[in-house]
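Each chain is listed here by its residues.
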Amino acid sequence: MTDTKYHIPEQGNLEGHVFRPATSAELSEAVELAFDYRGDVTLELSSGETIRGYLFNRSETGHGPAIELFPAEGGAARVIPYAEVRSIAFSGEDTANGKSWEAWMSKKASERHEEADHVAAQAKARGHL
């Protein structure tokens, strides 16, 4: 699905969306969305090349804005100037979609409780409790 207007989908899931930013501000926003996305993105570059991978860093300072991407097919990380990016497709599954901080905290609390019970049972078996 290509977004003709530049906006975030109402349901909050970017998977399957393609952004073709028309301005540098839109490109910066799309890069930020891709940075926060927990799945692969596919970049279309001005050269016509497409690259699929995980965007793990971005910088708008230095010699010029650039992103860093681990290519899906492997190999060294690539540094790609913002100026070369024509579109960003959210092509991979967002592994964090629908998983809230509260759910993560609840899971971790449950794991800690189970570990404490396990340690207490071991101590009791050794006669320490």
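Before any of the text, the structure's been laid out above.
Since this is a predicted model, take the numbers as computed values, not measurements. (Residues numbered from 1 in each chain as written. Predicted model: local features only at pLDDT ≥ 70, side-chain atom pairs only at ≥ 80, totals over all residues. Heavy atoms only, no water.)

### With respect to the sheet that holds strand S6 (residues 85–89)
The criterion, for reference: Two strands qualify as a pair provided that DSSP identifies no fewer than 2 bridges between them. For helices the rule is a DSSP run of H or I covering at least 4 residues; for strands it is a run of E covering at least 2, with both sets numbered from the N terminus onward. Note on definitions: a residue-residue contact is assigned when non-hydrogen atoms from the two residues lie within 4.5 Å. With axes taken as lines fitted to C-alpha atoms, and helix axes fitted only over the stretch in contact, angles between N-to-C directions fall between 0 and 180 degrees.
With antiparallel pairing, six strands are arranged side by side in an open sheet as S1-S6-S2-S3-S4-S5. Every other strand in the sheet has two partners, leaving strand S1 (18–19) and strand S5 (78–81) as the edge strands with one partner each. Direction of pairing for strand S4 (residues 66–71) relative to S5: antiparallel, over a ladder of four bridges. Counted as the bridge partner of Ile 67 is Ile 80 from S5. In the packing of helix H1 (residues 24–36) onto the sheet, the strands contacted are S1, strand S2 (41–45), strand S3 (50–59), S4 and S6, and the crossing angle to S3 comes to about 95°.

### Notes on the environment of Ser 46
Applicable threshold: Note on exposure labels: buried denotes an accessible area under 20% of the residue type's maximum, exposed denotes more than 50%, and partly exposed covers the range between, all computed with a 1.4 Å probe on protein chains only.
Residue placement: Ser 46 occurs in the loop between S2 and S3. Judged by its relative accessible area of 43%, Ser 46 is partly exposed. C-alpha of Ser 46 to C-alpha of Glu 84: the two residues are 38 residues apart in sequence and 5.1 Å apart in space. Not counting chain neighbours up to four residues away, the residues in contact with Ser 46 comprise Glu 84 and Arg 86.

### Topic: the packing of aromatic side chains
In this description, a pair of aromatic rings is defined by centroid distance and the angle of the planes. Selection rule: Two rings from Phe, Tyr or Trp (for Trp, the six-membered ring) form a pair when their centres sit within 6.5 Å of each other. Planes less than 30 degrees apart are called stacked, planes more than 60 degrees apart edge-to-face, and all others tilted. Here, a charge over a ring is recorded when the distance from Lys NZ or Arg CZ to the ring centre is within 6 Å and its angle to the ring normal is within 35 degrees.
Going through the model one piece at a time under the given rule, you end up with three aromatic pairs. For the ring pair Phe 19 and Phe 90, a centre distance of 5.5 Å and an interplane angle of 90° mean the geometry is edge-to-face. On the criterion of sequence distance, the pair formed by Phe 19 in strand S1 and Phe 90 in the loop between S6 and helix H2 (101–125) is long-range, its members being 71 residues apart. On the basis of relative accessibility, which here comes to 1%, the residue Phe 19 falls in the buried class. Judged by its relative accessible area of 1%, Phe 90 is buried. With a centroid separation of 4.0 Å and an interplanar angle of 15°, the aromatic rings of Phe 56 and Phe 70 are classed as stacked. Placement of the pair is Phe 56 in strand S3 and Phe 70 in strand S4, with a sequence separation of 14 residues. With a relative accessible area of 26%, Phe 56 lands in the partly exposed category. Every member of this aromatic cluster is reached through a ring pair, and the members are Phe 19, Tyr 37 and Phe 90. Between the NZ or CZ atom of Arg 58 and the centre of the ring of Phe 35, over which it lies, the distance is 3.6 Å.

### Some remarks on the side chain of Ser 28
Mapped onto the secondary structure, Ser 28 falls in helix H1. The exposure class assigned to Ser 28 is buried, which follows from its relative accessible area of 17%. Apart from residues lying up to four places away in sequence, Ser 28 is in contact with Glu 60 and Tyr 82.

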